[in-house]
Amino acid sequence: QVQLVQSGGGLVQAGTSLRRSCAASGRTFSNYAMGWFRQAPGKEREFVAAISWGGGSTYYADSVKGRFTISRDNAKNTVYLQMNRLIPEDTSVYYCAAQRGVFTTTPASYDCWGQGTQVTVSS
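Residues numbered from 1 in each chain as written. Predicted model: local features only at pLDDT ≥ 70, side-chain atom pairs only at ≥ 80, totals over all residues. Heavy atoms only, no water.

### Let's talk about the state of the cysteines
A covalent bond bridging the sulfur atoms of two cysteines is what the word disulfide describes.
Here is step 1 of the chain: A complete count under the given rule lists one disulfide for this structure.
Here is step 2 of the chain: The thiol of cysteine 112 is not disulfide-bonded; the next cysteine sulfur, from cysteine 96, is found 9.9 Å away.
Here is step 3 of the chain: Since its relative accessible area comes to 1%, cysteine 112 is described here as buried. (Disulfide = S-S within 2.5 Å. Buried < 20%, exposed > 50% of the residue type's maximum accessible area, 1.4 Å probe, protein only.)

Encoded structure:
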């Protein structure tokens, strides 16, 4: 298991952009698929985006496709989530996660989780 530390949350206006990062410890970071999830109060944890070991394959939820981009820099042990054209529905606590295997969209498949950070989008 790797330890994941996320950058701080943010309060932004709709239509603007925000980039969040998730830094991992451990020399085996490149062996983990990475994902981003979000969870609003009273709601189930929701898949947002995932990226493969080498960054060659990505997958996005329909709700964010075309607006969000996931990327990783294995040399820096960091995964990023670029969020563009934010809308109020994006408001949530965002979590990064690591999986010792092929990336999936299922929270239960992930082994390690970041602490979560609040992103609020105002209209």
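### Describing the confidence of the model for the protein chain
Here is step 1 of the chain: For the protein chain, the average pLDDT comes to 93, and 98% of its residues sit at 70 or higher.
Here is step 2 of the chain: Per-residue pLDDT, averaged within each element of the protein chain, yields its smallest value for strand β1 (residues 4-6) (93) and its largest for strand β11 (residues 117-122) (97). (pLDDT = per-residue confidence, 0-100. Helix = DSSP H or I, 4+ residues; strand = E, 2+ residues; numbered from the N terminus.)

### Thoughts on the packing of aromatic side chains
Here is step 1 of the chain: In this structure the tally under the stated criterion is six aromatic pairs.
Here is step 2 of the chain: Relative to phenylalanine 47, the ring of phenylalanine 37 lies with its centre 5.7 Å away and its plane at 70°, an arrangement referred to as edge-to-face. Of this pair, phenylalanine 37 sits in strand β4 (residues 33-39) while phenylalanine 47 sits in strand β5 (residues 46-51), placing them ten residues apart in sequence. For the pair shown, phenylalanine 37 and phenylalanine 47 are each scored as buried.
Here is step 3 of the chain: For the pair tyrosine 95 and tryptophan 113, a centre-to-centre distance of 6.4 Å together with 80° between the ring planes defines the contact as edge-to-face. Placement of tyrosine 95 in strand β9 (residues 92-99) and of tryptophan 113 in strand β10 (residues 112-113) is noted, with a sequence separation of 18 residues between them.
Here is step 4 of the chain: For tyrosine 95, a relative accessible area of 15% gives the class buried. (Phe/Tyr/Trp six-rings, centres within 6.5 Å; stacked < 30°, edge-to-face > 60°.)

### Some thoughts on the pairing of β5
Here is step 1 of the chain: The buried fraction of β5 amounts to five of the six residues, a majority that puts the element mostly inside the structure.
Here is step 2 of the chain: As paired strands, β4 and β5 are joined by five bridges and run antiparallel to one another. Bridge pairing in β5 links tryptophan 36 to alanine 49.
Here is step 3 of the chain: Hairpin connection from β4 to β5: six residues lie between these consecutive antiparallel strands, with glycine 42 at a positive phi of about 75°.
Here is step 4 of the chain: By the bridge criterion, three bridges tie β5 to strand β6 (residues 58-60) in an arrangement that is antiparallel. Paired with isoleucine 51 across the bridge in β6 is threonine 58.
Here is step 5 of the chain: Two successive antiparallel strands, β5 and β6, enclose a turn made up of six residues, where glycine 55 displays a positive phi of approximately 85°. (Pairing = 2+ DSSP bridges.)

### Regarding the sheet that holds strand β3 (residues 18-24)
Here is step 1 of the chain: What the four strands build is an open sheet, ordered β1-β3-β8-β7; its pairing is antiparallel. The strands lining the two open edges of the sheet, one partner per strand, are β1 and β7 (68-73). Each adjacent strand pair in this sheet contributes to an overall mean axis angle of 20°, direction not counted.
Here is step 2 of the chain: Both β7 and strand β8 (residues 78-83) contribute to a ladder of six bridges, which runs antiparallel. Looking across to β8, one finds that phenylalanine 68 is bridged to methionine 83. (Axes fitted to C-alpha atoms, helices over the stretch in contact; angles between N-to-C directions.)

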